[in-house]
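# Chain and residue survey
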Amino acid sequence: MARVRPSRRQLIQQRRRQAFVGRTAERAAFRDNLDLAPDAEAARFLFHVHGNAGVGKTFLVRELEQIARDRGALTVYVDEAVGSVPDVLEAISAQCAAQGHRFKELDRLLAVHRERRYEAEAAALAAVPEAQTEPSAGSTAVARVATAALGYVPVVGPLASAGVDPAQLARGVDQMRTGIGTRFRNQEDARLVREPERMLTPVLLREVREAAADVPWIVLFLDTYERTGPVLDRWLHDVLATDRYGEVPDNLLVVTSGQYPLDTVRWSDVADFVTDLPLGPFTEAEARGLLADRGVVAEPVVAEVLRLTGGLPVLVSTLAQARPVDVDDVGDPSVTAVERFLKWEQDPVRRAAALACAFPRQLDADIVQVAVRCAEDETETFFEWLRGLPFVSDRGDRVQYHDLVRAPMLRLQRHRSPRLWTARHRRLAQALGQWRAEIETELGGEEAAWTDEWWRRLRLEESYHRLCAGLRTAQADALRDFVVACDQGEDVARRWVGLLRDAGEDTGAQGLRDWADGLAGALERGREAAALELLLEQAGELTEAHRSTFDWMAEEQARTRSHGPAAPAAPAAPAAPAERIEYDRVDLDDRTLALAHVARGKALRGAGAHRRALAEYERALTLAPGLSRAHRGKALAHADLGDYRAAIDALDRALEQEPDHARSLSTRGEYHRILGRYDEALADLDRAIRLDPAREFTWASRGATWLRLGDLDRALADLDRALELEPDYAWALVRRARVLRGLGEPTRQMEDLDRAVVLQPDWAWGLCERGDALRSAGRHQAALADYDRALDLDPAYASAYASRAVSRAELGRHEEALADLDRAVELNPHYAWALSRRALVHLELGDQARALADADRALGLSPDDPFVRDVHTHTHTLSEAGRHTGSSPAP
């Protein structure tokens, strides 16, 4: 019988295992867990390996994977090649199938997901003719975001590569946004595109439970978690620690591996089921063991390797790989660590290439060609050679040096030849700038390009090389970019801080390091608002004595809590400031300063500091009076504070600058509606719909306007359209419920309210609206549950107190009803409906004097309200008759 020969992959794995040394405790802990019954008290379901780059995390994870397979486990390994939950599910299904466990239903749904996503992309492209109505400003913004309106559909790349201009691109995204809700008549298909993890994960778990019955363990390995964790960590926690997606078999074990510890806040609820495996450098014994395994036993060589590497596994492995047998100049201080590191690479061309490729932070074939200045036909050869080096981490299309290898290489070259250092960085910056400009042209300019991930990556790397080259304007340009990055969100802002830090470390520029440390600390303490405050302060732009952003937030939130809905909790007070840093001077032009104030205003609004946000927008307009973004931000801040007239004035100014800005028109129309200016509201909303018919907010606002005008048919048509565009639009569902109440359709009304509460379970207004519907149906106990929850969420919600009082009164709980109405009137002294209700409760309790006082006061506030007039007449009739019948007018 012929012997079964091992495959090449099996031989490689065997050789790696034979070469594996160290990490004895970590391997033992994993083996011991596999030997336990899954329900044993000591059993753990999550192992987290973490440590700095180069400590051998991936090598250990691969060893753990083989240990699990040796125990008969079904295993899956994924790394940063996955970019989303569907990608992970694809990998799980494929690898389980290769081990004899097909996940047929999951495969089917994944195929449908890919197909429907492709259909949505293709429909958006095909539906854009050469001449059509202009795209809306809202849709153009969506196109710029490049998330295809709904998160999981990559549109900008495919459409841009097809040669579609920015206007066509915007119209294509409009079509896609509409198409997701209307093209797929099967709502499950639409949800599969919009919410793939919600649709696919329960199916995965069903398939995994079936497979779990046939194997002792199923082990999922998630490597390079520092990159995949931001996408996967919340989902993984929901899978393992909650029943959101269904039950998980008890023999499912997960191993994550990354540079950082687990998020202790997120995982605190299951901390007893997690094993933490921090990795550091090799001990001397472990390092010697690896060197001996490679045949490196000469003590002078071993001692030198230990000195140069500090026990870092990647460096020990790299130096051991060359199997050195002699050390000619041990102890010579003039010989740098880099020379030691490359000492046994004899090819001078490759030695030079290795040093040249240390300049970029990340490498692909194009960057290698620029860095090495090699011929095009040689590029692939160099790139493949680099990918095989042990100190290079392979990221698929890109590779990067381990930090502890790259840093000494850069120091060597910076000190050896400053002119060559500058020239190489300039050359890289010029190439990256050219590639960036090409994408910028395709996307319609810099402002649109900022939302494109690939453009941002090129901009970052170009800025890094400009800083390293010491170009005169590089620092100011990088700080200007940081302003715009803050407007894109905290994650983007942190990438620019990382740019400043890396450039500072690699050039030895303390000024850059100071800026990086200062901005990082500010982001940590107060997010974008605090970081922009620091930047503005150093630019000499703060117009009042410096006070911490935290104080501003606390002030604003305390003021808001005193007369309105509860604001977000104030952040913890920052620690005492360290010694004041003298930052390098920053010169920013007026427009950049204005944009900084706008971005800071946006951040402060998000933190609930609305008055401070308003001040930021005012200052921005002082610097750049024609900045329409500042006028729009000012309008939103006024609206946050309840001053809709001032908000409309600000939008008037914005529309003077951009008359066809559909979002400004629809927002102004909504504010007119809130103020009862229905003709003006309709004029703005009609025009906004003509400019951007795919914006669901505008349809919903116009529907609410028709509702206030009593035109229920038009109101229903507009709200139906809003919900066709966005089926999960909770505000539109509640508004449509009011229309359905007027049309006498209580069943459909309750369906809409139930759906709204499911979508936003912590929404006080939605709960109160459903409570009102339940109360009208005579279901007072159920109504009380909704009112109670609404008031837990918003203790200053006057309407919820008044509505709860009515249900309590109907249940005979008059004293409690009176307490609720007292609180409602305390919160809103001009609340005529609550005063009338309190008058009726006073009558029930036999207090005619107070009943008359409340009824008279309510009539004075709302003389045209039928209910108020009826209560007033009823109260005075009883008073004049000198008796109390206990009857009440209909609400």
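Residues numbered from 1 in each chain as written. Predicted model: local features only at pLDDT ≥ 70, side-chain atom pairs only at ≥ 80, totals over all residues. Heavy atoms only, no water.

### Concerning the overall build of the protein chain
Assigned secondary structure in the protein chain consists of 44 helices and seven strands. In the protein chain, which comprises 891 residues, the share counted as buried stands at 53%. Intrachain contacts of the protein chain at a sequence separation of at least 6 include 65% that bridge at least 24 residues. For the protein chain, the exposed surface amounts to about 40,800 Å²; the carbon and sulfur share of it is 48%. (Helix = DSSP H or I, 4+ residues; strand = E, 2+ residues; numbered from the N terminus. Buried < 20%, exposed > 50% of the residue type's maximum accessible area, 1.4 Å probe, protein only. Contact = heavy atoms within 4.5 Å. Areas by Shrake-Rupley, 256 points an atom, 1.4 Å probe, with all protein chains shown as cover.)

### A short note on helix H33 (residues 678-691)
With 14 residues, H33 should reach 20 Å at 1.5 Å per residue; the first-to-last C-alpha distance of 20 Å fits that figure. If you check which residues of H33 are buried, you get Tyr 678, Ala 681, Leu 682, Asp 684, Leu 685, Ala 688 and Ile 689. (Expected span 1.5 Å × (residues − 1).)

### Structural notes on the packing of aromatic side chains
To describe a pair of aromatic rings, you give the distance between the ring centres and the angle between the ring planes. One pass over the full model with this rule turns up 11 aromatic pairs. Considering the side-chain rings of Phe 30 and Phe 221, the 6.3 Å spacing of their centres and the 50° angle between planes classify their relative orientation as tilted. Placement of Phe 30 in helix H2 (residues 24-35) and of Phe 221 in strand S3 (residues 218-222) is noted, with a sequence separation of 191 residues between them. An identical accessibility class is assigned to Phe 30 and Phe 221; each is buried. Each member of the aromatic cluster is reached from another via a ring pair, and the members are Phe 30, Phe 47 and Phe 221. In this structure, Arg 361 packs its charged tip against the face of Tyr 464, placed 5.2 Å from the ring centre. (Phe/Tyr/Trp six-rings, centres within 6.5 Å; stacked < 30°, edge-to-face > 60°. Lys NZ or Arg CZ within 6 Å of the ring centre and 35° of its normal.)

### Considerations on the environment of Arg 62
Structurally, Arg 62 is set in helix H3 (residues 57-70). For Arg 62, a relative accessible area of 35% corresponds to the partly exposed category. For the pair Arg 62 and Phe 221, spaced 159 residues apart in the sequence, the C-alpha separation amounts to 8.7 Å.

### Considerations on helix H34 (residues 696-708)
In an α-helix there are 3.6 residues to a turn, and that puts residues three or four apart on one side. With 13 residues, H34 should reach 18 Å at 1.5 Å per residue; the first-to-last C-alpha distance of 19 Å fits that figure. Every buried residue of H34 is accounted for by Glu 696, Thr 698, Trp 699, Ala 700, Ser 701, Arg 702, Gly 703, Ala 704, Thr 705, Trp 706 and Leu 707.

### Digging into unusual backbone geometry
Phi is positive for Thr 224, which is not a glycine, with a value near 45°. Among the structural elements, Thr 224 can be located in the loop between S3 and helix H11 (225-241). With a phi close to 60°, Arg 373 is a non-glycine residue in the positive phi region. Mapping Arg 373 onto the fold places it in the loop between helix H18 (365-372) and helix H19 (376-387).

### Notes on the pattern of salt bridges
Taken as a whole and judged by the stated rule, the model has 66 salt bridges. Put simply, Glu 90 and Arg 114 hold a salt bridge, and the shortest N to O gap is 2.3 Å. In this pair, Glu 90 is assigned in helix H4 (residues 85-98) and Arg 114 in helix H5 (residues 104-126), connecting sequence segments 24 residues apart. Between Arg 436 and Glu 440 there is a salt bridge, with the nearest N and O atoms lying 2.9 Å from each other. Here the residue Arg 436 and the residue Glu 440 both occupy positions in helix H21 (residues 418-443), the gap between them amounting to four residues, near one helical turn. For Arg 436, a relative accessible area of 13% puts it in the buried group. A single network of salt bridges, built from pairs that share partners, joins Asp 788, Arg 804, Arg 808, Arg 813, Glu 816 and Asp 820. (Salt bridge = Lys/Arg side-chain N within 4 Å of Asp/Glu carboxyl O.)

### Section: the sheet that holds S3
Taken together, five strands build an open sheet; the order of strands is S2-S3-S4-S1-S5 and the sheet is parallel. The open sheet terminates on both sides in strands that have one partner only, identified here as strand S2 (74-78) and strand S5 (274-278). On average, each strand axis in the sheet is inclined to that of its neighbour by 15°, with strand direction left out of account. As paired strands, S2 and S3 are joined by five bridges and run parallel to one another. By the bridge assignment for S3, Thr 75 is matched with Val 219. Here H2 sits on the sheet in contact with strand S1 (46-50), S3, strand S4 (252-258) and S5, set at roughly 165° to S4. In the packing of H11 onto the sheet, the strands contacted are S1, S3 and S4, and the crossing angle to S4 comes to about 155°. (Pairing = 2+ DSSP bridges. Axes fitted to C-alpha atoms, helices over the stretch in contact; angles between N-to-C directions.)

### Here we look at the packing of H18 against H19
One can describe the packing of H18 onto H19 by two numbers: an axis separation of 9 Å at closest approach and a directional angle of 105°. Considering the angle they form, H18 stands roughly perpendicular to H19. Listed contacts from H19 to Ala 365, Val 368, Gln 369 and Val 372 of H18 are Glu 376, Thr 379, Glu 380, Phe 382, Phe 383 and Leu 386. (Parallel < 35°, antiparallel > 145°, perpendicular 65-115°, else oblique.)

### Brief notes about the pairing of S1
The element S1 is largely enclosed, with a buried count of five among its five residues. Burial along S1 is two-sided: the face carrying Leu 46, His 48 and His 50 and the face carrying Phe 47 and Val 49 are both buried. When S1 meets S5, the two strands line up parallel, connected through five bridges. Residue pairing across strands places Phe 47 opposite Thr 275, the latter belonging to S5.

### Regarding the nonpolar core
One recurring pattern in soluble globular proteins is that nonpolar side chains are buried together. The biggest cluster of nonpolar side chains holds 112 residues, and the ones touching the most others in it are Phe 30 and Tyr 401. Looking at which element gives the most residues to this core, the answer is helix H26 (residues 510-538), with 14 residues. Beyond its immediate chain neighbours, meaning those up to four positions away, Phe 30 contacts Phe 47, Leu 64, Ile 67, Ala 68, Val 219, Phe 221, Leu 253 and Val 255. Leu 740, Leu 791, Tyr 797 and Ala 817 belong to the second largest nonpolar core, which has 57 residues in total. (Core = buried A, V, L, I, M, F, W, Y, C linked by side-chain atoms within 4.5 Å.)

### Let's talk about the confidence of the model for the protein chain
Residue-level pLDDT values for the protein chain average 83, and 82% of them are 70 or greater. The low-confidence segment residues 328-337, where pLDDT is below 50, has 13 contacts with residues more than four positions distant or belonging to other chains. (pLDDT = per-residue confidence, 0-100.)

### Things to note about the state of the cysteines
Summed over the entire model, instances satisfying the criterion amount to zero disulfides. Not engaged in a disulfide, the cysteine Cys 357 finds its nearest cysteine sulfur in Cys 374; these two sulfurs lie 8.1 Å apart. (Disulfide = S-S within 2.5 Å.)

### Examining the packing of helix H24 (residues 474-488) against H26
Look at H24 against H26: their axes get within 12 Å of each other, and the N-to-C directions meet at 25°. Classified by the interaxial angle, the pair formed by H24 and H26 is roughly parallel. In the packing of H24 onto H26, the handedness of the crossing is right-handed. Residues Gln 475, Leu 479, Phe 482, Val 483 and Cys 486 of H24 form the contact with H26, whose participating residues are Leu 512, Trp 515, Leu 519, Glu 528, Ala 531, Leu 532 and Leu 535. When the residues that make up the contact of H24 with H26 are grouped by side-chain class, the tally is 10 nonpolar, one polar and one charged. (Left-handed = near helix turned anticlockwise from the far one by under 90°. Nonpolar A, V, L, I, M, F, W, Y, C, P; charged D, E, K, R; others polar.)

### Quick look at the side chain of Gln 413
Assignment of secondary structure puts Gln 413 in helix H20 (residues 403-416). A distance of 2.9 Å separates a polar side-chain atom of Gln 413 from the backbone oxygen of Leu 355. Among the polar contacts listed, one links the side chain of Gln 413 to the side chain of Arg 424, at a separation of 2.9 Å. Dropping the residues within four chain positions of it, Gln 413 is found in contact with Leu 355, Ala 356, Ala 358, Phe 359, Trp 421 and Arg 424. (Polar contact = N/O pair within 3.5 Å; in protein donor to acceptor, adjacent residues only side chain to side chain.)

### Points about the environment of Tyr 260
Mapped onto the elements of the fold, Tyr 260 is located in the loop between S4 and helix H12 (264-267). C-alpha of Tyr 260 to C-alpha of Gly 51: the two residues are 209 residues apart in sequence and 6.5 Å apart in space. The contact partners of Tyr 260, leaving out residues within four places of it in the chain, are His 48, His 50 and Glu 226.

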